[in-house]
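Descriptive structure summary
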Amino acid sequence: MRRGGGDGGGEWELGIANDNKNEFERRVVETVKRWQHRKEPPLVWAMEVAKCVGSAGLGLPSAELGHCLVSQLCLSNNNNSCQNHNPNPSLWKFLDQAISSALISPLHVLALLTSRVIPVRWTQPEAYRLYLELLSRYAFSFDGFGTDSCREKIIQDVDAALQLSETYGVQDLELGHVLVLCFFSIVICLIDSTLCDWGLQMTSVDRPSGLMKSDDSQNTDVDSKGNQACTRNKNREYIRKSNSFMAFEVLGKLTENRKAMVLLRLVYLNMPERFNGLLQRMRFLETHKLSSPNLKPAYHLLVKLSANIQKAVDFEYQLNKSLLIGMLIDIKSCKPAPCCNSESGRFASWVPFDIYMENAMDGKQFPVTSAIDMLTGESY
């Protein structure tokens, strides 16, 4: 899109783009509501919504669709929270279906949900529980980012949602940066939010940002609607407490994955001061394990998480390079040789290049063969 001009052409084009966006969102919302009213299975919704995406000329996975669905989901959560009802289960099921049908990117959706759900986890504990389940299921679904345009939109949205550039000081984010920093940010956010829920405060650690700070966890009679009835519900109180333990269970499950070891080690090697912040959090938890009534029953979860993080520190990349990258990204998705050999087509280079350099550089010279070709198996 052309930006601004003396004749106001840029503003006119921006208005057209906004109109198209609003029309697309209106059609998606109407389609979802129609099929929701008919009580059709989520797969049928997905087929109809896919038609909306196609007719709008958008690629898949669609960042625009992801934004629309998350916005509708959060709007539904807010309305239902005020009425002391559970979040709309059919919308959450459809979101799951849209991810599994490759209509939307799991990385994109999880980033959007992280920024919107974690801050209101206390007033909307059911939504937070469903978010944790989606995170547990899709945290390492890295394949399928579509065309260059789709991929760039996803990168920009994830960056904006989690404030990656601002927090980590990385300009010109590529997909590799986003994969690593998004996962690391979510790990930090879950730990910090759980510490806050348990009434434990750290002052000596640089937090990623104020993005995940929850004002409703310490003042439960105030939320976006000023509602008090929600916080008095005993069932919701039980969900709130169990969510904190579930967050650590999810962290334990995710960090024992070999993909997590690779991602965390990349932070350890490239941003040691940030990784040290994670280690400080773990030491803080270890120090308070006996004094905190919440940490005592969660001790086994803390031990598991600490052990997994230590494994990431000690992890050595001794695998076949193509196999290692295959642990992170579906190599088939970037197989076309022209894409790998063209300067404009290279993407997700930060993750593979870092691993490649650690294994391949002999300290004297760089190999002549393209790192991308070697990592994707082209030179074998």
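Residues numbered from 1 in each chain as written. Predicted model: local features only at pLDDT ≥ 70, side-chain atom pairs only at ≥ 80, totals over all residues. Heavy atoms only, no water.

What follows covers the overall build of the protein. Each helix and strand in the protein was counted, giving 18 helices and zero strands. Of the contacts made within the protein by residues no fewer than 6 positions apart, 73% connect residues no fewer than 24 positions apart. For the protein, the accessible surface area stands at approximately 18,100 Å², while carbon and sulfur atoms represent 52% of it. (Helix = DSSP H or I, 4+ residues; strand = E, 2+ residues; numbered from the N terminus. Contact = heavy atoms within 4.5 Å. Areas by Shrake-Rupley, 256 points an atom, 1.4 Å probe, with all protein chains shown as cover.)

Let us look at the packing of aromatic side chains. With the rule as written, the count across this model stands at eight aromatic pairs. On the basis of an interplanar angle of 40° and a centroid distance of 5.3 Å, the ring pair of Phe140 and Phe183 is categorised as tilted. In this pair, Phe140 is assigned in the loop between α6 (125-138) and α7 (148-162) and Phe183 in helix α9 (residues 175-197), connecting sequence segments 43 residues apart. Phe183 gets classed as buried once you look at its relative accessible area, which sits at 7%. Between Tyr268 and Phe275 the ring centres are 5.3 Å apart and the planes differ by 70°, which places this aromatic pair in the edge-to-face class. Here Tyr268 falls in the partly exposed class, since its relative accessible area comes to 32%. Each member of the aromatic cluster is reached from another via a ring pair, and the members are Phe140, Phe142 and Phe183. Arg38 extends its terminal NZ or CZ atom over the ring of Trp35, reaching a point 4.7 Å from the ring centre. (Phe/Tyr/Trp six-rings, centres within 6.5 Å; stacked < 30°, edge-to-face > 60°. Buried < 20%, exposed > 50% of the residue type's maximum accessible area, 1.4 Å probe, protein only. Lys NZ or Arg CZ within 6 Å of the ring centre and 35° of its normal.)

Let us now look at the nonpolar core. One finds Leu113 and Tyr131 to be the most contacted residues of the largest nonpolar core, which totals 99 residues. In terms of residues, this core owes the most to one element, α9, which gives 15 residues. (Core = buried A, V, L, I, M, F, W, Y, C linked by side-chain atoms within 4.5 Å.)

Let us now look at the pattern of salt bridges. Summed over the entire model, instances satisfying the criterion amount to twelve salt bridges. Note that Arg26 is salt-bridged to Glu23, the shortest N-O span being 2.5 Å. In this pair, Arg26 and Glu23 are both assigned in helix α1 (residues 9-37), three residues apart and thus about one turn of the helix distant. For Lys304, the salt bridge goes to Glu256, with nearest N and O atoms at 3.5 Å. A residue pair is termed long-range when its members are at least 10 positions apart, and Lys304 in helix α14 (residues 299-314) and Glu256 in the loop between α11 (234-255) and α12 (258-270) qualify at 48 residues. (Salt bridge = Lys/Arg side-chain N within 4 Å of Asp/Glu carboxyl O.)

Moving on to unusual backbone geometry. Keep in mind that most residues, glycine aside, have a negative phi and that most peptide bonds are trans. Residues Leu60 and Pro61 are joined by a peptide bond in cis, for which omega reads -5°. Summarising the element assignment, Pro61 is placed in the loop between α2 (42-55) and α3 (63-82). A positive phi angle is found at Gln163, which is not glycine, with a value near 55°. With respect to the element layout, Gln163 can be found in the loop between α7 and α8 (164-168).

With that settled, the discussion passes to the packing of α11 against α14. Contact geometry for α11 and α14: axes closest at 9 Å, N-to-C directions at 30°. The angle between the axes of α11 and α14 places the two elements in the roughly parallel class. Between α11 and α14 the crossing geometry is left-handed. On α14, the residues that touch Phe245, Phe248, Glu249, Leu251, Gly252, Lys253 and Thr255 of α11 are Leu301, Leu302, Lys304, Leu305 and Asn308. Along the lines of polarity and charge, the residues of the contact of α11 with α14 split into six nonpolar, three polar and three charged. (Axes fitted to C-alpha atoms, helices over the stretch in contact; angles between N-to-C directions. Parallel < 35°, antiparallel > 145°, perpendicular 65-115°, else oblique. Left-handed = near helix turned anticlockwise from the far one by under 90°. Nonpolar A, V, L, I, M, F, W, Y, C, P; charged D, E, K, R; others polar.)

Before going further, it helps to examine α6. Helix length check: α6, at 14 residues, gives a terminal C-alpha distance of 20 Å against a target of 20 Å (1.5 Å per residue), a fit within 8%. Burial runs high along α6: ten of the 14 residues are buried. (Expected span 1.5 Å × (residues − 1).)

Mean pLDDT over the protein: 77, with 67% of residues reaching 70 or higher. Within the protein, no element has a lower average pLDDT than helix α16 (residues 337-341), which sits at 33, and none a higher one than helix α5 (residues 106-117), at 96. Segment residues 1-16 is flagged for pLDDT under 50; beyond a separation of four residues in sequence, or across chains, it makes ten contacts in the model. (pLDDT = per-residue confidence, 0-100.)

A word on α2. Since the α-helix packs 3.6 residues into each turn, any two residues three or four apart lie on the same face. An ideal rise of 1.5 Å per residue puts 20 Å on 14 residues; α2 measures up with 20 Å between its terminal C-alpha atoms. Those residues of α2 that fall on the buried side of the exposure criterion are Trp45, Ala46, Glu48, Val49, Cys52 and Val53. Just beyond α2, the residue with positive phi is Gly57, at close to 75°.

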